[in-house]
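Inside the fold
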Amino acid sequence: MTENRPVRPEPGRHNLDPHLDRYAARTAGMTASEIRALFAVASRPEVVSLAGGMPNLAALPLDTLSAQVGELIAEEGLVALQYGSAHGVPALREQICEIMALEGIKAHPDDVVVTVGSQMGLDMVTRLFCDPGDVIIAEGPSYVGALGSFAAYQANVVHVAMDDHGLVPEGLRAALAETRKMGRRVKFLYTIPNFHNPGGVTMAVERRAEIVEICRENDILIVEDNPYGLLGFSGQTYPALRSIDPDNVVYLGSFSKTFASGLRVGWVLAPHAVREKLVLAAESATLCPPTLNQLIVSRYLSTHDWMGQIKTFRENYRERRDAILSSLEQHMPTGCSWTKPDGGFYVWMTVPEGVDTKAMLPRAVTARVAYASGTGFYADGFGSRQLRLSYCYPTPERIREGVRRLAAVLESEMDLARTFGNVSPRSISGPQNPSPDTV
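Conventions and cut-offs
Residues numbered from 1 in each chain as written. Predicted model: local features only at pLDDT ≥ 70, side-chain atom pairs only at ≥ 80, totals over all residues. Heavy atoms only, no water. Helix = DSSP H or I, 4+ residues; strand = E, 2+ residues; numbered from the N terminus. Buried < 20%, exposed > 50% of the residue type's maximum accessible area, 1.4 Å probe, protein only. Contact = heavy atoms within 4.5 Å. Areas by Shrake-Rupley, 256 points an atom, 1.4 Å probe, with all protein chains shown as cover. Polar contact = N/O pair within 3.5 Å; in protein donor to acceptor, adjacent residues only side chain to side chain. Phe/Tyr/Trp six-rings, centres within 6.5 Å; stacked < 30°, edge-to-face > 60°. Pairing = 2+ DSSP bridges. Axes fitted to C-alpha atoms, helices over the stretch in contact; angles between N-to-C directions. Parallel < 35°, antiparallel > 145°, perpendicular 65-115°, else oblique. Nonpolar A, V, L, I, M, F, W, Y, C, P; charged D, E, K, R; others polar. Expected span 1.5 Å × (residues − 1). Bend = angle between axes of the 7 residues up to and from the residue. Salt bridge = Lys/Arg side-chain N within 4 Å of Asp/Glu carboxyl O.

Quick word on the overall build of the protein
Each helix and strand counted, the protein has 15 helices and 14 strands in total. Burial status across the protein gives 56% buried among its 439 residues. Within the protein, contacts between residues separated by at least 24 positions form 76% of all contacts whose residues are at least 6 apart in sequence. Accessible surface computed for the protein: about 19000 Å², of which carbon and sulfur atoms make up 53%.

Structural notes on the side chain of His159
Mapped onto the fold, His159 is located in strand β4 (residues 156-163). What makes His159 buried here is its relative accessible area of 18%. A polar atom in the side chain of His159 sits 2.9 Å from the backbone oxygen of Glu139. Side-chain polar atoms of His159 contact the backbone nitrogen of Ala379, separated by 2.9 Å. Each residue touching His159, except ones within four places of it in the same chain, is listed here: Ala138, Glu139, Gly140, Ser142, Leu147, Phe377, Tyr378, Ala379 and Asp380.

Here we look at the packing of aromatic side chains
Taken as a whole, this structure holds 13 aromatic pairs when the rule is applied. Note on Tyr228 and Tyr346: the rings are 6.0 Å apart at their centroids and 85° apart in plane angle, and the pair reads as edge-to-face. On the criterion of sequence distance, the pair formed by Tyr228 in the loop between β7 (221-225) and α9 (241-244) and Tyr346 in strand β11 (residues 346-350) is long-range, its members being 118 residues apart. Summarising the burial analysis for this pair, Tyr228 and Tyr346 share the class buried.

Looking at the sheet that holds strand β3 (residues 135-140)
What the eight strands build is an open sheet, ordered β2-β9-β8-β7-β6-β3-β4-β5; its pairing is mixed. Of all the strands in the sheet, just β2 (112-115) and β5 (166-167) have a single pairing partner and so form its edges. Sheet topology note: the strand β8 (residues 249-254)/strand β9 (residues 266-269) ladder contains four bridges and is antiparallel. The partner of Tyr251 across the bridge, within β9, is Leu269. Across the sheet, helix α4 (residues 90-100) lies against β2, β8 and β9, angled at about 105° from β2, the strand it touches most.

Quick notes on the sheet that holds strand β13 (residues 372-373)
Within a beta sheet, neighbouring strands are joined by backbone hydrogen bonds and run either parallel or antiparallel to one another. Read from one edge of the open sheet, four strands run β10-β11-β14-β13, paired in antiparallel fashion. Two strands bound the open sheet, and with one partner strand each, they are β10 (337-338) and β13. Pairing geometry for β10 and β11, over two bridges, is antiparallel. Each residue of the ladder has a partner; that of Trp338, found in β11, is Met349. Most of the contacts of helix α13 (residues 306-331) go to β11, to which it runs at about 20°, and overall it touches β10, β11 and β14 (386-390).

Considerations on the packing of helix α7 (residues 169-181) against helix α8 (residues 205-217)
Interaxial distance between α7 and α8 falls to 10 Å at its minimum, and their mutual angle equals 10°. With respect to each other, α7 and α8 are oriented roughly parallel. Only Arg207, Glu210, Ile211, Ile214 and Cys215 of α8 make contact with α7, whose side of the interface consists of Pro169, Leu172, Arg173 and Leu176. For the contact of α7 with α8, a count of residues per class yields six nonpolar, no polar and three charged.

Description of helix α3 (residues 62-80)
Taking 1.5 Å per residue, 19 residues should reach 27 Å; α3 reaches only 20 Å between its end C-alpha atoms and comes up short. At Ala74, α3 shows its maximal bend, which comes to roughly 65°. What α3 keeps buried is the set Leu65, Gln68, Leu72, Gly77 and Ala80. Contacts made by the buried residues of α3 are with α10 (256-260) and α12 (291-303).

Quick word on the pattern of salt bridges
Tallying each qualifying case throughout the model produces 17 salt bridges. Measuring nitrogen to oxygen at the nearest pair gives 2.1 Å for the salt bridge that ties Glu213 to Arg216. In this pair, Glu213 and Arg216 both sit in helix α8, three residues apart, roughly one turn of the helix. Residues joined in a network through salt bridges with shared partners are Glu75, Glu76 and Arg299.

So, the side chain of Thr357
Inspection of the secondary structure assignment puts Thr357 in helix α14 (residues 357-366). Taking relative accessible area as the criterion, Thr357 reaches 0% and is therefore assigned buried. Leave out the neighbours within four places in its chain, and Thr357 touches Val351, Tyr371, Ser373, Gly374, Gly383, Ser384, Arg385, Gln386 and Leu387.

Describing the pairing of β14
Extensive coverage of β14 is indicated by the burial of five of its five residues. Here β14 shows two buried faces, one formed by Gln386, Arg388 and Ser390 and the other by Leu387 and Leu389. As paired strands, β11 and β14 are joined by five bridges and run antiparallel to one another. Among the inter-strand pairings, Trp348 is bridged to a residue of β14, identified as Arg388.

Observations concerning unusual backbone geometry
In this structure, the amide linkage connecting Gly140 to the following residue, Pro141, adopts the cis form with an omega of 10°. With omega at 15°, the peptide bond leading from Asn197 into Pro198 counts as cis. When you line up the elements, Pro198 lands in the loop between β6 (186-191) and α8. Backbone geometry places Gln154, a non-glycine residue, at a positive phi of 60°. Following the sequence through the fold, Gln154 ends up in the loop between α6 (144-152) and β4. Here the phi dihedral of Leu287 falls at roughly 70°; this positive angle occurs in a residue that is not glycine. Tracing the backbone through its elements, the reader meets Leu287 in the loop between α11 (272-286) and α12. Since its relative accessible area comes to 47%, Leu287 is described here as partly exposed.

Now the structure itself:
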């Protein structure tokens, strides 16, 4: 693809897509994920998939939930199955405010907009704030779904490095100064402060106020994406950036990780003026989020021990985290390093020089293990020596076997690199769009 336009076929070559000349210029940034291309293979039962970020729902009380859904339709079916407001069900918005209070957020239900998953909220925020060519600051690496939305609206991403304590404030200052020097317009900082996807690290509490202050000084909006905040293995919750500066932070939340991802219920908490535009954007995108799904979540929150359920999820994920960390320590060759998450779903791993994780992926799947290669989590083609391992879905036994298989593949790749020399990683253009196995 050339810049801003889809590729045109060369003279004399047959065009397989008769609509090519009709597409909008922004479709040039839409590229497929190599993980999605391998999904049919990676989802075979003999393949241990450490690639996907699918929550493990086995601990949900399905019998109770099914009975509650039946009661809901019997009692409120004429409302639950009807159109609703683009703003969201009022009772659910009140409950969302109670949930956010656990992270120090004081919010009014009127400033909450319910969305079809937090991905919809992220897409709407990008649509509202970004013109083609605008700059978004994001951690490097960053969530692949965010990079896909940013590319769709032709925004440019500038990555800022993280360390074991999250986004580095000095790196943020440097990135802002450099973009200003180049005359480029920064619209917002996009950050995942808690149990980062894919990085697995958490922003240190003492850094949060500093980062908020940097953005305030530079007149930069903050978009805080927090799907994992209640999934800390110690049970600790961290103060949201939104709690520090309500007027300059748009907060994204979701029930996909703490209840049921298939219901696709998320929300945006925004400053009042932004809220009005979000409601209009939601109306144009979906008319309204599904009322039934919202009422299912609302009834679950009001009748179920949802905090106890989250505790169960945390315990399950902690057991899986322990399994993957101990297995990495046992099996991975010298020269590998990885993060040690305190919550969430992911470990971010760096492999020795000479190994390209994107090129290695098909060989790993042949060896019956899958992961997400690092290049998909950068907008600029970096990440060829990184990969993301997801421990949330497989059993601990499957995780240990998957790591053992991956270590064997990696040893083989390192032997090839030692024999034939380092192979320069292939560059890619733009982010890869998310798919259910990469989010």
